[in-house]
Every structure is written in C-alpha cells, then in structure tokens.
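What the coordinates show
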Amino acid sequence: MTSRYDMYSSRYPLLPLKNVVIFPKNVVTLLIGKTRSIQAVEDAMSRDRKIVVVSHSEVGVDDPEPDDLHEMGTLAEVVSIEHQQGGNIQVALEGLHRVNVIQWDLARPFFTVKTEQAMESDNESAEAHTLVNHIQELARQYQESKSAFSTDAFDMIQATTDPSHLSDLLTTQLVRDAAQRQAFLENLDPCQRLELLAVHLTKDLDLAALEQRIKDRVREQIDKNQREYYLREQLKVIHDELSGEGGNEIEQLRQRVRDRGMPEEMEEKVLKEIVRLERMPSVSAEGTVVRNYIDTVLSLPWTEQSEDRLDLELAEKQLESDHYGLDHVKERILEFLAVRKLTTERGKTGASILCLVGPPGVGKTSLGASVAEAMNREMVRVSLGGVRDEAEIRGHRRTYIGAFPGRIINAMKTAGTTNPMILLDEIDKMASDYRGDPASAMLEVLDPEQNHAFNDHYLDAPYDLSNVLFITTANTLSSIPRPLRDRMEIIEISGYTEHEKTEIGRRHLLPKQLEVHGLDEDRIEISEKIWHQLIRNYTREAGVRNLERQVAAVCRKVAAGVVKGRSKRTRVTETRLSEFLGPARYGFEHQFTENQVGVAIGLGTTDVGGELIPVEVAIMPGKGNLTITGRAGDVMQESARAALSYARSRAETLGIEPDFQEKVDIHIHLPEGATPKDGPSAGITMATALISALSKRPVRSDVAMTGEITLRGRVLPIGGLKDKSLAAHRIGLRRLIAPADNERNLVDVPEKIASQMDFIWVENMDQVIAQALDFTEQPEEIDPTLKKQLTQVAAQEPVQDISDVTIHHSDLAQF
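Given the structure is predicted, the values throughout are model-derived calculations rather than measurements. Sequence order as written defines the numbering, with residues in each chain counted from 1. Where totals are concerned, whole chains, interfaces and linings use all residues; where local detail is concerned, this predicted model gives features only for residues with pLDDT of at least 70, and gives and counts side-chain atom pairs only at 80 or more. To obtain the side-chain values, all non-hydrogen atoms of the structure were included, while hydrogens and water were left out.

A separate point is a positive patch on the surface. Each patch is assembled from residues with relative accessible area greater than 30% and no salt bridge, linking like charges that lie within 9 Å and nonpolar side chains (Val, Leu, Ile, Met, Phe, Trp, Tyr) that lie within 5 Å. Each accessible area value is a Shrake-Rupley result obtained with a 1.4 Å probe; residue values ignore everything except the protein chains displayed when judging cover. Whenever a carboxyl oxygen of Asp or Glu lies within 4 Å of a side-chain nitrogen of Lys or Arg, that contact is scored as a salt bridge. We count Lys and Arg on the positive side and Asp and Glu on the negative side, and we leave His and both chain ends out. Think of each charge as sitting on NZ of Lys, CZ of Arg, CG of Asp or CD of Glu. Residues Arg 556, Lys 557, Lys 564, Arg 566 and Arg 576 make up a contiguous surface patch of positive charge. Helix and strand definitions follow DSSP, with helices as H or I runs of at least four residues and strands as E runs of at least two, each counted in order from the N terminus. Within the secondary structure layout, Lys 564 lies in the loop between helix 20 (545–563) and strand 15 (570–572).

This brings us to the packing of aromatic side chains. Only rings of Phe, Tyr and Trp enter the pairing, Trp through its six-membered ring, and a pair is recorded when the two centres are within 6.5 Å. The plane angle decides the type: under 30 degrees is stacked, over 60 is edge-to-face, the rest tilted. Following the criterion strictly, the structure yields 5 aromatic pairs and no others. The interplanar angle of 5 degrees and the centroid separation of 5.4 Å between the aromatic rings of Phe 759 and Trp 761 together place this pair among those described as stacked. For the pair Phe 759 and Trp 761, one class covers both residues: buried. By definition, being over a ring means that NZ of Lys or CZ of Arg is both within 6 Å of the ring centre and within 35 degrees of the ring normal. Over the face of the ring belonging to Phe 111 we find Arg 36, whose NZ or CZ atom lies 4.5 Å from the ring centre. One cation-aromatic arrangement involves Arg 398 over Tyr 293; the distance from NZ or CZ to the ring centre is 3.8 Å. Here the term buried applies to any residue with accessible area under 20% of the maximum for its type, exposed to any over 50%, and partly exposed to those in between, with areas from a 1.4 Å probe on protein chains only.

Attention now goes to the pattern of salt bridges. According to the stated counting rule, one finds 41 salt bridges in the structure shown. Asp 460 is the salt-bridge partner of Lys 269, the closest N and O atoms lying 3.6 Å from each other. With Lys 269 in helix 9 (residues 264–279) and Asp 460 in the loop between strand 10 (454–456) and strand 11 (461–463), this residue pair connects regions lying 191 residues apart in the sequence. Overlapping salt bridges, with partners in common, bring together Arg 98, Glu 120, Asp 168 and Arg 193 in one network.

Residue position: Gln 550 is located in helix 20. Between two residues, a contact is recorded if the distance between any of their heavy atoms is within 4.5 Å. Setting aside residues up to four positions removed in sequence, Gln 550 forms contacts with Leu 534, Tyr 538, Thr 539, Leu 581 and Arg 585.

In this section: the packing of helix 2 (residues 126–146) against helix 3 (residues 151–159). All axes here are fitted lines through C-alpha atoms, helices being fitted over the stretch that makes contact, and every angle between N-to-C directions spans 0 to 180 degrees. Where helix 2 meets helix 3, the closest approach of the two axes is 9 Å, and the angle between their N-to-C directions is 155 degrees. Judged by the inter-axis angle, helix 2 sits roughly antiparallel to helix 3. Every pair of crossing elements has a handedness; the one defined by helix 2 and helix 3 is left-handed. Only Phe 154, Ile 157, Gln 158 and Ala 159 of helix 3 make contact with helix 2, whose side of the interface consists of Gln 136, Ala 139, Arg 140 and Gln 143. All amino acids are sorted into three groups, where Ala, Val, Leu, Ile, Met, Phe, Trp, Tyr, Cys and Pro are nonpolar, Asp, Glu, Lys and Arg are charged, and the leftover types, Gly among them, are polar. The residue inventory of the contact of helix 2 with helix 3, partitioned by class, reads 4 nonpolar, 3 polar and 1 charged. An angle below 35 degrees is treated as roughly parallel, one above 145 as roughly antiparallel, one from 65 to 115 as roughly perpendicular, and anything else as oblique. Note on convention: the crossing is left-handed when the near helix lies turned anticlockwise from the far helix by less than a right angle, right-handed when the turn is clockwise.

With that settled, the discussion passes to the packing of helix 18 (residues 498–516) against helix 19 (residues 528–538). Each pair of packed helices can be summarised by the angle the axes make with each other and by the distance between the axes. Two elements in contact, helix 18 and helix 19, have axes whose closest approach is 10 Å; the angle formed by their N-to-C orientations is 110 degrees. Considered as vectors, helix 18 and helix 19 are oriented roughly perpendicular to each other. Between helix 18 and helix 19, the residues in contact are Glu 498, Lys 501, Thr 502, Gly 505, Arg 506 and Leu 510 and Glu 528, Trp 531, His 532, Ile 535 and Arg 536, respectively. In terms of residue class, the contact of helix 18 with helix 19 is made up of 3 nonpolar, 3 polar and 5 charged.

Here the focus is the side chain of Thr 570. Structurally, Thr 570 can be placed in strand 15. Residue Thr 570 is classed as buried on the basis of its relative accessible area, which comes to 4%. Excluding residues that lie within four positions of it along the chain, Thr 570 makes contacts with Arg 523, Ile 524, Glu 525, Val 558, Arg 576 and Phe 580.

Let us now look at unusual backbone geometry. In this structure, Lys 25 takes a positive phi of about 65 degrees despite not being glycine. Relative to the elements of secondary structure, Lys 25 occurs in the loop between strand 1 (8–17) and strand 2 (27–32). Of the residues examined, Lys 25 reaches a relative accessible area of 51% and is grouped as exposed. Here Arg 49, not a glycine, exhibits a phi torsion of approximately 70 degrees, which is positive. Secondary-structure assignment places Arg 49 in the loop between helix 1 (35–46) and strand 3 (50–55). Overall, the relative accessible area of 33% leaves Arg 49 in the partly exposed class.

The next subject is the pairing of strand 20 (residues 664–669). When DSSP locates at least two bridges between a pair of strands, those strands are taken to pair. Two elements, strand 19 (residues 626–629) and strand 20, share 4 bridges in a ladder whose sense is parallel. In the sheet register, Thr 629 faces strand 20, and the bridge partner there is His 669. Crossover connection from strand 19 via helix 22 (residues 634–649) to parallel strand 20: handedness left-handed. A right-handed crossover is one whose linking path, passing over the helix from the first strand to the second, runs clockwise when the strands point away from the viewer.

Attention shifts here to the environment of Arg 291. Note that Arg 291 resides in helix 10 (residues 285–299). The class of Arg 291 is partly exposed, set by a relative accessible area of 23%. Leaving out residues up to four positions away in the same chain, Arg 291 has contacts with Glu 249, Leu 253 and Leu 277.

Quick look at the structure:
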C-alpha cells in the first residue's frame, strides 16, 4: 500500500531554523514562538507528524523568504509537542533523511514545500568499513582524553556500523558552527564526511596530547596545592580572554556553592556537576539541564531562617482580629503554639502537624495565614487538589526531558527560609492512578521521623524539612488514607451559626467588599434584621463564602448608583435587598407546615455542613415488595430493612395488621434523588415514617430526628450532632430527637443554639414514636392498648423488650 507521501515530490510544511541544523536520526528539542512556525508544526501534527526543517542562509534575517534559506534540509518527525506559557510551544523533532526543496508554496500563512530525498553515495565498500573502524578508534581515544561525549552518545558511536549514521552522529557532537554543520549536511558522500571528521579528531587529539605533556612537566615541579592554584588561575585568564570582564562564570559558581553552607554531601555533588558543566560545549542541550540543576540547588534556602515569634498574647490578638467565633479552634491553635514554644526552648523541633477539617468557607486557609503571621514565618500555600502524580510531590528524575523539582521543594525555594509555614491545602482532594500515589509520598513529608532527610527525585540528595511548620486543610476525612491521617492532629471546624455569620459579615466581609469596590466605609448601612434576611433567604451554607458573594453583589449595585450620580448613603431595606439580589432563593421555614402521614424529617451531614433530609413512605396494594429510591447507599438500605423488620416484629403493639407485608407494597423515597445518601443514622427516621404510613398516624412537622435503629428497637449513637443541630436550627425546627448516648456531645453545640433547642434523648423506638407521632386523633383501627403503652413510654417508664442485636454500624455515614 502506497503512502500519500512518496519518496519523491512530496509536500510538507516547512520550519525555518536559525543557527540550528538537524541531521538524520538526531533528536532535537526546540522552543518555537513565531506564529507561522507554530502553525507549520500544528499542520504537521494534523497530518502525519512530518515536517521539513532548513536553516537560514542569511543569519541576520528574522522573517526569511525562500532566497534566505538553504535548499537542502532534513525531513523530520514531530516526536512530542508541549504548549508553554505565552503561546510558545516546545517540540521534539527527530531527523529522518536529507531532502532537497524543489518547489515552494507561499499561499498559506507558513511555507509548504515539495521535496525529493537526497540520495547518498554507496557506503557498503570495504574502504567504508575500514574508515568506520578508524573513526571509532579515534573517538575512543578522544573520549579517554577529553571525556567529551556522554555515555549514551559514546555507546552509540561505538555500536553503529553505518558510515552515514556515524558521520551524522559525530557531526552533532563535534561541530558547533552552523555553516560547517550545513556543509556536512549537504555532503552526500558518507566516506568523505568521515575523512573530514577524522582530520578534526586527529587535530583535537594532537592538541590534547600537547596539553598533557605540558601538564606532566608542570606536575613534576609543583605540589598538589600549587598545581591546583596554577591551573585555576590559568583557566581564569583563559575565560577572561575569551569572554571579557566577568567571564569566569564557572569559578563564580564554585564560590557561590562554597558560600551557601549546604551539607557536605550536597556541596560535593554540586561541585561535580559544575565540573561536568565546565567540560560541556556551551550549546549542549545537556549543559542546559546541568545548569538548571545547579541554579535550582543554589536558589534553595540552606541556612537562612526567620526568627520565630512565639508570643501567645500577640497570637491570640491576631486570631481574634482575623476571625470571629471558632473559639475551640483558636484555643487549640494557642495550645499548639505554647507546646511549640516550650519544645523550642529545649532545643527540640518536632511538633504535631495540624489538619483543619471543615466545610468550604469556614476559614481554614485564613487560619493558617494568621498562624504564620503570628509566628513571623513566611507562608507558602501548596494546593493539592487534583494532584494525581507522585512526581508532583517528589519531583521528576533528571533523566526526563523537562524535569523539575516537586511542589515541596518549589515551596521551599519560594519561601527563601528553612523554617517557613507550608499550608497544604485540600489534602483530601489528592487521587492516585498509574503514575503513583501522591498521598503515599506525603507520608515522608509529614513524618517528623523522616522529613529531616526528604529525598526529592530532582535533587537526588536529602533535604531537611524538620524546621518547616506544616498545616493541612481538608473538607472531609473519609478520603484521606489512614496512614496519612495518623500523622496529623485533626481539628474539626463546624459551620457558623446565624449570629456568627452576621458578625462576620458586619466586621469583615462588608468592609472588605467596600474597599474592593472603591466605596467609602459609611456608604452602605445594613441593619442586623437585614443581615438575618440576607443570610436566611439568599444563602444556605456552613461557611460564609456565598454570603460574601451576596455582599459583593450589593456593593456592585451601590457602586453603579454612585457612578450614575447617586451621592447619598445607601441604607439597605427589605425592598432594596430584593431589588439588589432578586427574589429570595431559600425559605427560612421548612416546607412541611402541617403534620403528614408517612413523612418524617431526618438530618444528615455533608461536606458543606448539616442538611435537612425528609423521608417519605407510600403504602399501596401489592405482594410485600420493598422499594427504596433517592440514591440511598448500601448502609441506608440495610437500615430501611431493619426498620421494616422492627415494624413487623412490633406490628400488634403498634396497631398494625400482623400480615400487612403480604397485602401491600412499601415505597421509601428520599427527596433530592440526584444527591447520593448513605449511613445508618436515618434508621429511626425511616422507621417513624414507615410506622406512620402503616398506622395512618401523622408525624409531627415540628420535630427532626437522627439515630441508628436495631432489630429490637434500640437507638444507637450517631456522629455530627453539632452540624445536624445547626441545620435544624437554621431551618426553624426547635425539637430534635437524638440518641441518649449523644447527650455527652451536647457540649459541642454552641450554647446559644442549644438554649433555643429542645433536645429529646431517646434509647429506643417506643420513645421515638411517643414523641414523633401525633396522638391527638385516634385512627379507628388502632389497638386500644397502644395509647396507654405509649403514654407510659413518654413518661420515661422502662421498656423491657430491648435486645443487643444491631445492624451494620458505620463511621463513614453521611446521614
């Protein structure tokens, strides 16, 4: 099958190069910035990746025409392409064979040319093979004398038997002048090219031998220290003569390394790299890699430190001025600083690593910034959200093209001190794939027993992180691997109350947005009543991020009025609030305004705080099928089955037909079906709604509930009581049924919220039913003994039918 590009008269996009000549089987990486050159590369990528590269015949011309370019070039293949900042692209090209340009097409934004392959002379003669062996021997002597070739390049020189390939390979290694390289490219006789290279190598070997004889004579006359001094002075003079004033850059690099005070192992490694750099040609691609490595090491802090300021009184003032509320969190941070101060005074640097966990917008990142400012440390924020590659943490090995250090080392370079505060933001958003697990790489970073010798792949040497203060943030703990979680001390930050949001908006958000929008401090007046309406009707969140957006929207409206000529102070009223922000997006009162049969109000926790989650149950004629909808997880479905089993076991007592499951189908639905839900704490909610639907008794609409249920009706404790209490209070519910074992968690609920709530602590489902169902009207089919028994339960009389049999309790529950 014939390709659409034949050996003769083929048409390709053309890439003109200045001072660069690419040979067949030679891979070159280029940074391209000109628009038409980028278009030529993109055209090649859209076709078969092939492109013709030719060099300028007139070096001084920046925008060449066909007369300014050589007629012979190289057909190359685009190996890789990478887009850079500023619209530039970095491409790797591999030469295929020599071509002659026979026709130019100037119609497109870039040149396209018709070419034919330049056929080389026959190189299979005995003379050619003899010449190859001779050249390889000269190259071996040259390598032993000067070590001019990299290991890979030397191995290829010794391994190849093709005269053409050998001549091209040596030309790329030995010839630096662009005009000479072009002459070698245009020479189609491989044997003749090898002869020219043999002359070149022989001259260099003679010079090397002469230099060696001089060194030998000098070595006999001076000792080791004098010899080193003499050679360096000689080299300095040579550099100065070649480059003018300040030309001895290599010696300056050596001096900088000695002055940095880095560890002996690192200093020795960098000095060896400088020796390699000194021996490499200035235009060598590998020389650029070595120079970048040296510059990176020199830019890192090795001895620089900021002086810690461990004044607890000052730190407390800083935290109070930057954040309202969060008293428990502030207290824990001050305790952390106190321990840090005492351990520092005793010469110990190890300290716990804080992990601030909470919903978005509660101030985790700003708390870290306040700690850094209070301690007088440089702060660097490292965002870990979406990081999937281990090399993002540990860095890339220098064997890869475009290698760079990891984010931790880059953070140290940015900080400029060995004891900064590094904020690892969104540590729960890291993921893993075939490129490695970045969470595992973080173990070494956050472990005080290991991070004194953190090994970044790019540095390839230990770097001390023991003086760094690490603070991490996360929205949830469930996605953080257990080994990583064990290395951090968790500080949970729950959502703000309405009063706290009001104070934060008044003290922080409004002044900040007034400054951002160029308004005077007294331009906008918002009363406490309007703040409450703004929070209730336009936000539904645990933090204050959306509240800040709404305040910004008000400021924009006022700013527009100021520009139009309104000079008076703006007082935000209910009417103006609606004009500025539109109709209310949320209602403060929940949607259930009356008691309903088969509908119970549950509470759950999400990444953004507590949420109201009602449970609906419908009973219909059928054959005993149970359907659960609303994206309920496995644990929640098991809770529903446990609730059904409990209802069946207590059917006679609850006034339900014992054989109801043989006559009806039951459908349990959790509204907002697009949101996944899981966890065992919906057990009593589903049981209450189920019993209500089967007994035809309505559930009180002013009661919310949470708790796990067992087969025998026990109510087990749940997590997230504070978030759920805040959610119930925010919705307007003041009665909350919760497990008795959670009464000890009441101290976590803000005192102002707890004083306005009526907590009903229950141990079994009989107590739940007594408090949740409406008994003002008796259904006709109810068991006459039920009312009396439930009245006794409500009076806290003990219930005997309680067992220890439980169903699937999970700490990972969201509900």
